[in-house]
Amino acid sequence: MPERKTPAWATDDVDAVTRAVLTASRLLVAVSARSLAAVEERVTLPQFRMLVVLSTRGATKLVALADLLQVAPSTAMRMVDRLIAAGLADRQPNPDSRRETLLQLTEEGRRTVEDVTARRRAGIATIVERLSPTQRLALIEALAAFNQAGGEPPAPTADVLETHPLGWVTDGTMPREE
């Protein structure tokens, strides 16, 4: 594919950059939707988001889970009930407080998150493979700048992903590269 020259005016045009990012976000949403297709009869997108939060944070109280997902606790409870019925999550007593329960993934829930994430990663890799090395470098630089401007920490390297496939440790933070 021939590389196109970017007009000088486009680099300073916030609207042109915004349109390009919106287009890319549509593509990423489509990749995400395709990665969920194999489990969509069992899990909705909001439920999958809950599974990812439980995967990254570990055992979590309902109120904290609702807050992280920015939903009402009653909505979170209904979602949890459906995930429990599907065998993807369960409740355990909080060892620090008998009056509380903690929500966590089952082994099947963990496998579901890992499988969907692997499909998403493969879908993105397929697209990236179509770019020339020069385009890949430009994309890395542009996305790094975009992520930094948005306050998103860099994704971990492949060796870190071997131990943390979602790129997060159990407290929801990015693992440190050593």
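Note that the structure is predicted; figures quoted are calculated from it, not measured. (Residues numbered from 1 in each chain as written. Predicted model: local features only at pLDDT ≥ 70, side-chain atom pairs only at ≥ 80, totals over all residues. Heavy atoms only, no water.)

Description of the overall build of the chain
Next, step 1: Helices and strands together make up the secondary structure of the chain, namely seven helices and three strands.
Next, step 2: Counting from the amino terminus, the chain carries its helices and strands in the arrangement α-α-β-α-α-β-β-α-α-α.
Next, step 3: Buried positions account for 26% of the 178 residues belonging to the chain.
Next, step 4: A separation threshold of at least 6 residues defines the contact pool for the chain, and within that pool the share at least 24 residues apart is 49%. (Helix = DSSP H or I, 4+ residues; strand = E, 2+ residues; numbered from the N terminus. Buried < 20%, exposed > 50% of the residue type's maximum accessible area, 1.4 Å probe, protein only. Contact = heavy atoms within 4.5 Å.)

Considerations on the packing of helix H2 (residues 45–57) against helix H5 (residues 107–129)
Next, step 1: Orientation of H2 relative to H5, taken along the N-to-C sense of each, is 105°, at an axis distance of 10 Å. In this view, H2 runs roughly perpendicular relative to H5, as classed from their interaxial angle. Judged by residue contacts, Phe48, Leu51, Val52 and Ser55 of H2 engage Thr112, Val113, Val116 and Arg120 from H5.
Next, step 2: Here the contact of H2 with H5 is built from residues that sort into five nonpolar, two polar and one charged. (Axes fitted to C-alpha atoms, helices over the stretch in contact; angles between N-to-C directions. Parallel < 35°, antiparallel > 145°, perpendicular 65-115°, else oblique. Nonpolar A, V, L, I, M, F, W, Y, C, P; charged D, E, K, R; others polar.)

Description of helix H1 (residues 14–36)
Next, step 1: Taking 1.5 Å per residue, 23 residues should reach 33 Å; H1 reaches 32 Å between its end C-alpha atoms and fits that length.
Next, step 2: Residues of H1 that are buried include every one of Ala16, Val31, Ser32, Ser35 and Leu36, and no others.
Next, step 3: Elements that come into contact with the buried residues of H1 comprise H2 and H5.
Next, step 4: The N-terminus of H1 is capped by Asp13, whose side-chain oxygen sits 3.0 Å from the backbone nitrogen of Asp15. (Expected span 1.5 Å × (residues − 1). Polar contact = N/O pair within 3.5 Å; in protein donor to acceptor, adjacent residues only side chain to side chain.)

Quick look at the nonpolar core
Note that soluble globular proteins tend to have their nonpolar side chains buried in a common cluster.
Next, step 1: Of all hydrophobic cores here, the largest spans 22 residues; its most connected members are Phe48, Met50, Leu51, Leu54 and Leu65.
Next, step 2: Elements supplying a minimum of two residues to this core: H2, helix H3 (62–69), helix H4 (73–85), strand S3 (97–105) and H5.
Next, step 3: If we skip the residues at most four places from it in the chain, Leu51 touches Val43, Leu83, Leu88, Leu105, Thr112 and Val113. (Core = buried A, V, L, I, M, F, W, Y, C linked by side-chain atoms within 4.5 Å.)

Digging into unusual backbone geometry
Next, step 1: One non-glycine residue with positive phi stands out, namely Gln70, at about 60°.
Next, step 2: Following the sequence through the fold, Gln70 ends up in the loop between H3 and H4.

Section: the confidence of the model for the chain
Next, step 1: Mean pLDDT over the chain works out to 85, with 80% of the residues at or above the 70 mark.
Next, step 2: With pLDDT under 50 throughout, residues 168–178 is counted as low confidence; its partners more than four residues away or in other chains account for 28 contacts. (pLDDT = per-residue confidence, 0-100.)

A closer look at the pattern of salt bridges
Any two side chains of opposite charge can pair, given that their charged atoms come close.
Next, step 1: Tallied over the full model, the rule gives five salt bridges.
Next, step 2: A salt bridge links Lys61 to Glu100; its shortest N-O distance comes to 3.6 Å. Here Lys61 is found in strand S1 (residues 60–61), whereas its partner Glu100 is found in strand S3, with 39 residues between them in sequence.
Next, step 3: Classification of Lys61 as partly exposed rests on a relative accessible area of 40%.
Next, step 4: On the basis of relative accessible area, Glu100 is assigned to the partly exposed category, the value being 27%. (Salt bridge = Lys/Arg side-chain N within 4 Å of Asp/Glu carboxyl O.)

Describing the pairing of S3
Residues in a regular strand point their side chains to alternate faces of the sheet.
Next, step 1: Where S1 meets S3, two bridges bridge the pair, whose relative direction is antiparallel. Its bridge partner lying in S3, Thr60 is registered against Leu103.
Next, step 2: Strand direction decides the pairing type here: strand S2 (residues 89–94) and S3, joined by six bridges, are antiparallel. Note on S3: the bridge partner recorded for Arg91 is Leu103. (Pairing = 2+ DSSP bridges.)

Quick look at a nonpolar patch on the surface
Next, step 1: Taken together, the side chains of Val17, Val21, Leu139, Leu143 and Phe146 present a nonpolar region at the surface, about 390 Å² in accessible area.
Next, step 2: Elements that contribute at least two residues to the nonpolar patch include exactly H1 and helix H6 (133–149).
Next, step 3: When residues of the nonpolar patch are assigned to their parent elements, the largest contribution, three residues, is made by H6.
Next, step 4: Here Leu139 lies in helix H6.
Next, step 5: For Leu139, a relative accessible area of 34% puts it in the partly exposed group. (Patch = residues over 30% accessible without salt bridge, like charges linked within 9 Å, V, L, I, M, F, W, Y side chains within 5 Å. Areas by Shrake-Rupley, 256 points an atom, 1.4 Å probe, with all protein chains shown as cover.)

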